[in-house]
Structures are given as structure tokens and as C-alpha cells.
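So you can see what is in the structure, the chains are spelled out below.
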Amino acid sequence: LPLRQIVKDTGAELVTIDYKETLNTDFSIFNAVIMSGSPRGDDIVDHHLPYFQWIKSYDQPILGICAGHHITGKLYGAEIIRDKEKEVGDLLVFIEHRDPIFEGYSDKFLATQNHHDSITLPDSFIRLAHTTKCRNSMMKHKEKPIYTTQFHPEILNIKIVQNFLALPV
């Protein structure tokens, strides 16, 4: 997996946890969490939601990618948008709100998209970026260090993952 290699290359210690193990995991031992994507399916978010309740009480940085974006959004009140904002391929992402996670990026960049569903913006988040089709391509919690992306930064945007891992804990 490219994500594992990116984390290892930063020198960070890596522990991989299957979502089914999250109910028995003490997340307080981790300085940060990255939630990777998952296979497509209409019930992915609803099925996985019980395993991710820890997100609301975790205070360290979180990066949710694709399904992690949907699950986090749903936990905070987002609605799932089915098939209307579908994107596949490398598309331009437009930065709306500057943030340290975009260190080294201009106002737009190419990112790999591979999703049928998207989410609305929860009230407790600010939209960081969008595409011409997807209104909520990246968001950040207003008070907690939670970032989520609809796109897959582990493919073309390694610097976003590196910037996330460099956030103060």
C-alpha cells in the first residue's frame, strides 16, 4: 500500500488496525490516526459507523480518506450524496481555505478520485477544497485536528499525508 510506505518514509511508527478491531483498541496510545478508503458499496458507511464512534472523543490528529471522509462526516451529521458527484480519474482540486496541510501547494492541484458517493458539509467542519463536481472534496473540523479527503492523497498528493503527519500533537 502506498499509504504504509508514505508513513514509514516519514519515520513515524506504523500500526495497522482492521476496522473490526477498533472496538477493542485504546486509541489514546496513538499520536495520530489515518483512516484509509474501503471498497465501494451502498452500505459501507452505515455498516462501519459503529466501529468509528471513537472519532468523536479522540483528540489527536485524524486523516480520513474516502470512506474515512464519509464515515467522519456522517458521525458529525453529514448526509451521503449518492452518485450525483461521482468522480473517477485525476481531477483538479481547488483550495478554498488555506491550511498548514496544504504547505507546498498552490491554489489548485491534481488529485486521484475514485468515488460514486460524496457527503454534505457538517456544521462543525469548514470546507477546505472542492472540485468542479464535488462540493466537499476536503474538510477540517472547526475545533479538533480532524481532516478528511474525498480524493486519495496517497497516490498523487503524498505531501498532504506528510504535512498531516508533521502537524503538532
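Let me begin by describing the structure that accompanies this report. (Residues numbered from 1 in each chain as written. Predicted model: local features only at pLDDT ≥ 70, side-chain atom pairs only at ≥ 80, totals over all residues. Heavy atoms only, no water.)

1. With respect to the overall build of the protein chain
Across its full length, the protein chain holds five helices and seven strands. What you see in the protein chain, going N to C, is helices and strands ordered as α-β-α-β-α-β-β-β-β-β-α-α. For a compact globule of 169 residues, the expected C-alpha radius of gyration is about 15 Å, and the protein chain comes in at 15 Å, within 12% of that figure. Projected onto its principal axes, the C-alpha positions of the protein chain cover 40 × 35 × 30 Å. By residue count, 47% of the 169 residues in the protein chain fall in the buried class. When the accessible area of the protein chain is evaluated, it comes to approximately 8700 Å², of which 49% is carbon and sulfur surface. Between the mean site of the 18 positive side-chain charges and the mean site of the 22 negative ones, the protein chain shows a separation of 4 Å. (Helix = DSSP H or I, 4+ residues; strand = E, 2+ residues; numbered from the N terminus. Rg over C-alpha atoms; globule rule 2.2 N^0.38 Å. Buried < 20%, exposed > 50% of the residue type's maximum accessible area, 1.4 Å probe, protein only. Areas by Shrake-Rupley, 256 points an atom, 1.4 Å probe, with all protein chains shown as cover. Lys, Arg positive; Asp, Glu negative; His and termini not counted. Charge placed at Lys NZ, Arg CZ, Asp CG, Glu CD.)

2. Brief notes about the layout of surface pockets
Approximately 1000 Å³ is the volume attributed to the largest pocket. In terms of lining, the largest pocket is formed by 36 residues, of which the most central are V15, T16, V33, I34 and M35. (1 Å grid on protein atoms, 1.4 Å probe; cavity = no way out; pocket = protein on both sides within 12 Å on 5 of 7 lines; lining within 4 Å. Points joined across faces, edges and corners; volume = space filled by probe spheres on them.)

3. Quick look at helix α5 (residues 158-165)
Every buried residue of α5 is listed here: I160, V161, N163 and F164. Summarising the axial view, the buried residues of α5 lie within an arc of 160 degrees, below the 170-degree limit, and thus occupy one face. (Arc of directions from axis to C-beta.)

4. Description of the sheet that holds strand β2 (residues 62-65)
Spatial ordering of the open sheet is given by β1-β2-β7-β6-β5-β3-β4, a layout of seven strands whose pairing is mixed. This sheet does not close on itself; its edge strands, each paired only once, are β1 (33-35) and β4 (108-119). When strand polarity is set aside, the average angle formed by the axes of neighbouring strands in this sheet is 20 degrees. One ladder, built from four bridges, connects strand β5 (residues 125-130) with strand β6 (residues 138-141); its direction is antiparallel. Its bridge partner being in β6, R127 is matched across the sheet by M139. Relative to the sheet, α5 contacts β1, β2, β4, β6 and β7 (146-149), its axis offset from that of β1 by approximately 150 degrees. (Pairing = 2+ DSSP bridges. Axes fitted to C-alpha atoms, helices over the stretch in contact; angles between N-to-C directions. Contact = heavy atoms within 4.5 Å.)

5. Focus on the environment of D18
Checked against the element boundaries, D18 lands in the loop between α1 (2-9) and β1. Here the alpha-carbon distance between D18 and V88, two residues 70 residues apart in the chain, equals 26 Å. Separated by 3.0 Å, the side chain of D18 and the backbone nitrogen of K20 make a polar contact. (Polar contact = N/O pair within 3.5 Å; in protein donor to acceptor, adjacent residues only side chain to side chain.)

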